[in-house]
Amino acid sequence: MTQLAAADTVASTRGAVTIDVAGLAKRFGDTRAVDGVTFEVRPGEVFAFLGPNGAGKSTTINMLCTLTRPTGGFARIDGYDVLTQPDEVRARIGLVFQEQTLDDQLTAEENLRFHAVLYGVARAERRARIERVLELVKLSARAKDLVSTFSGGMARRLEIARGMLHTPAVLFLDEPTIGLDPQTRALMWDDVATMRREEGVTVFLTTHYMDEAEIADRIAIIDHGRIVALDSPEALKAVIGADTVDLHTDDDDRALGRLRDAGYRAERVGEGVRIFTADGEGQVPRLLETVAGGVSSVHVHRPTLEDVFLHYTGREIRENDGEPTSSGWMRARRAARR
Amino acid sequence: MRTLPAPAARVAERPRWHELRTVLMVWERELIRFERNRTRIVTSLSQPLLFLFVLGYGMSTLVGSTAGFDFKKFLFPGIVAMSVVSTAIFSAISIVWDREFGFLREMLVAPASRASLVTGKTLGGATVAALQGTIMLALAPLIGVHLTVALVFEVIGLELVMAIALTSFGVFVASRINRIEGFQVVMQLVLFPMLFLSGALFPLSGLPTWLTVLTRLNPLTYAVAPLRQVVFAVQNVPPLAAARFSATVTLFGYVLPVWLELVMVAAFALIFFVLAIQGFSRRD
Ligand SMILES: Nc1ncnc2c1ncn2[C@@H]1O[C@H](COP(=O)(O)OP(=O)(O)OP(=O)(O)O)[C@@H](O)[C@H]1O
Ligand SMILES: [Mg+2]
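The rules behind these values
Residues numbered from 1 in each chain as written. Chains lettered and ligands numbered in written order. Predicted model: local features only at pLDDT ≥ 70, side-chain atom pairs only at ≥ 80, totals over all residues. Heavy atoms only, no water. Axes fitted to C-alpha atoms, helices over the stretch in contact; angles between N-to-C directions. Helix = DSSP H or I, 4+ residues; strand = E, 2+ residues; numbered from the N terminus. Parallel < 35°, antiparallel > 145°, perpendicular 65-115°, else oblique. Left-handed = near helix turned anticlockwise from the far one by under 90°. Contact = heavy atoms within 4.5 Å. Nonpolar A, V, L, I, M, F, W, Y, C, P; charged D, E, K, R; others polar. Near = heavy atom within 4 Å. Polar contact = N/O pair within 3.5 Å; in protein donor to acceptor, adjacent residues only side chain to side chain. Areas by Shrake-Rupley, 256 points an atom, 1.4 Å probe, with all protein chains shown as cover. Core = buried A, V, L, I, M, F, W, Y, C linked by side-chain atoms within 4.5 Å. Buried < 20%, exposed > 50% of the residue type's maximum accessible area, 1.4 Å probe, protein only. Domains from an automatic or database assignment.

## Things to note about the packing of helix α5 (residues 114-136) of chain B against helix α12 (residues 258-281) of chain B
All names here are of chain B. At a minimum axis separation of 9 Å, α5 and α12 run at an interaxial angle of 130°. If you check the angle between α5 and α12, you find them oblique. Of the two elements, α5 crosses α12, and the hand of that crossing is right-handed. Facing R114, A115, V118, T119 and T122 of α5, the residues of α12 in contact are F273, A276, I277, F280 and S281. The residue inventory of the contact of α5 with α12, partitioned by class, reads 6 nonpolar, 3 polar and 1 charged.

Printed below as a string of structure tokens:
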């Protein structure tokens with residue numbers, strides 16, 4: 001009886017955590033690429049690693065997918081240890097790397113078939129599964145075309161389809177939108193959302209684009225190999241504090257007086273009045289009422305992840321023109337141009 | 001320690017023969033790429049053709065023929081071997097490209113053993129190399145080399161052994177090379193010397209001592225010789241010519257039989273096959 005209960009507890013804990021990481025670390029010589037990170041990802045969650053170049057995002061993914069050996073801590077995927085049970089882990093993860101990893105001398109279908117065989121998708125299910133993932137990323141019409149004829153965006157989407165082919169528990173996406181134009185990026189995130197909805201997969205992604213991190217249920221901000229903050233986008237922004245509403249009026253002093261009388265926290269800023277309040281947008285009608293005329297413009301600013309990032313790291317995320325400078329990026333471009 | 005129960009069966013059990021299927025799939029990819037890349041087939045034929053006709057005719061006038069048997073006929077099996085060897089090395093080295101363009105990661109992160117991946121790659125490269133060598137046989141009538149059905153099968157068999165050995169070697173080298181630039185170095189420092197010192201292009205008898213030593217240390221020597229021996233076996237080689245254009249290798253005054261040469265090549269293949277698997281099993 002106690003035995004059973006214990007087993008149940010273990011089973012349910014396992015069910016509650018898809019990625020379980022504690023104290024995970026990787027050193028390259030003197031470089032602490034990843035310096036002891038701890039987090040959990042729940043089933044069906046979209047979890048984002050947000051960090052600047054060289055923060056250790058790719059290194060963490062490489063450890064989670066068994067390509068790099070950790071120098072400290074542990075990581076379990078769906079209950080399997082990346083160090084001692086790499087094959088079990090590999091069978092349960094789908095990967096989209098920072099650089100393209102398709103064989104462009106093969107057709108889309110051949111690339112998928114290769115993957116299906118290596119991942120042990122049963123022969124009877126192979127065809128149906130290939131057709132399904134191609135459909136999910138809307139590439140069915142290009143199944144027989146060589147990947148060398150694909151655009152960068154199409155190749156990326158094919159990689160997502162391939163990552164999902166063997167129904168993994170977790171889909172890892174390492175900076176998946178690098179080198180893609182905004183429109184293609186949006187399409188790609190649609191694909192990811194589809195996969196999550198239709199296949200119930202857990203998603204772990206890394207990015208240094210704020211707007212992309214925003215789609216995640218929870219975000220870990222990583223800097224110099226350490227997690228400096230981890231929470232939902234809303235909660236992270238709440239840390240920064242209230243929304244701000246800037247009003248430009250005919251008579252700022254009068255407006256300020258009325259707002260303060262009404263109990264608002266407000267102050268003069270340059271040519272205008274700034275009000276600090278929760279739910280800035282919702283407050284606009286009441287603010288206008290309070291000021292009672294003479295308002296020439298209203299500007300509501302919600303705290304952004306950019307503010308959050310600045311708050312925790314003391315710098316802007318994109319110090320060097322926003323594109324990753326690592327070899328990964330060069331490689332992705334080279335592969336794309338090939 | 002208690003073992004944890006298996007998680008909900010999202011992932012089906014891996015099917016039977018998973019590793020075998022992996023080998024076949026990796027092998028098939030090599031063939032698809034070979035078949036699709038016709039320019040490569042033509043370019044890799046051009047070099048042996050150049051050797052056969054330019055060197056063959058050029059040297060024939062110099063060397064002359066001995067009792068009606070000329071240098072071109074001697075050269076022919078060597079050129080076939082040469083084309084097998086260079087195709088095998090090129091196929092194996094394509095792993096370096098796979099690494100550069102990311103596809104190697106796709107393979108290495110799959111839940112399949114490294115041994116299966118290396119086996120598939122080696123067999124694929126070897127098949128392609130043997131095919132390429134067999135295409136060369138079409139030139140035999142032009143040179144006046146006589147072919148029989150049995151000979152063709154013997155040649156294909158020997159080509160496969162040779163190709164497996166050289167592809168294993170190439171895969172091993174590729175496992176240690178991280179950059180495309182390294183490939184050039186290997187070609188210059190390993191492949192060309194091996195080809196030139198193998199007896200593919202000149203008889204191995206009556207050489208200066210230093211050259212004799214170098215050729216006997218070269219494993220390729222023992223792969224080229226059997227091919228020439230089986231080809232010569234069905235030609236009409238007058239005794240005088242046989243002495244001049246010797247097909248056999250002597251080691252310490254002992255003429256090596258074909259089977260012993262094959263054992264040596266097989267041992268070479270096995271060593272590098274194991275080293276290649278080890279090379280790809282490293283994880284940093
Ligand atoms: N194989 C390696 N050998 C030595 N140092 C490495 C290696 N791989 C990564 N590093 C170093 O580890 C640190 C983290 O690199 P990583 O690639 O994980 O960063 P990232 O967050 O993915 O950056 P990016 O946004 O540029 O892709 C960097 O300082 C990098 O130089
Ligand atoms: Mg990276």
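## Observations concerning the site of ligand 1
Residue and element names in this part refer to chain A. Around ligand 1 lies a shell of 14 residues, among which G54, K57, S58, T59 and E175 are the nearest. One nitrogen or oxygen atom from the main chain of K57 is found 2.8 Å from an oxygen atom belonging to ligand 1. A distance of 3.0 Å separates an oxygen atom of ligand 1 from a polar side-chain atom of Q98. For ligand 1, whose free accessible area comes to 640 Å², the fraction covered by protein is 66%. Where the shell around ligand 1 is concerned, the elements lending two or more residues are β2 (31-41) and α2 (57-64). Ranked by the residues each element gives to the shell around ligand 1, the list is headed by α2, at 3 residues. Looking at the shell around ligand 1 residue by residue, the classes come out as 4 nonpolar, 8 polar and 2 charged.

## What to know about the nonpolar core
Residues I19(A), F39(A), L64(A), F172(A), F204(A) and L166(B) are the most contacted members of the largest nonpolar core, which totals 116 residues. The element contributing the most residues to this core is helix α3 (residues 71-100) of chain B, with 16 residues. When near neighbours in sequence (up to four residues on either side) are disregarded, F172(A) contacts I19(A), I61(A), L64(A), I77(A), I93(A), G94(A), L95(A), V96(A) and F204(A). By size, the runner-up hydrophobic cluster in this structure holds 45 residues, among which are V46(A), A116(A), V133(A) and A143(A).

## Some remarks on the domain arrangement of chain A
Each assigned domain of chain A is listed with its residue range as follows: domain 1 (6-237 + 316-330) and domain 2 (242-302). Distance between the C-alpha centres of domain 1 of chain A and domain 2 of chain A: 44 Å.

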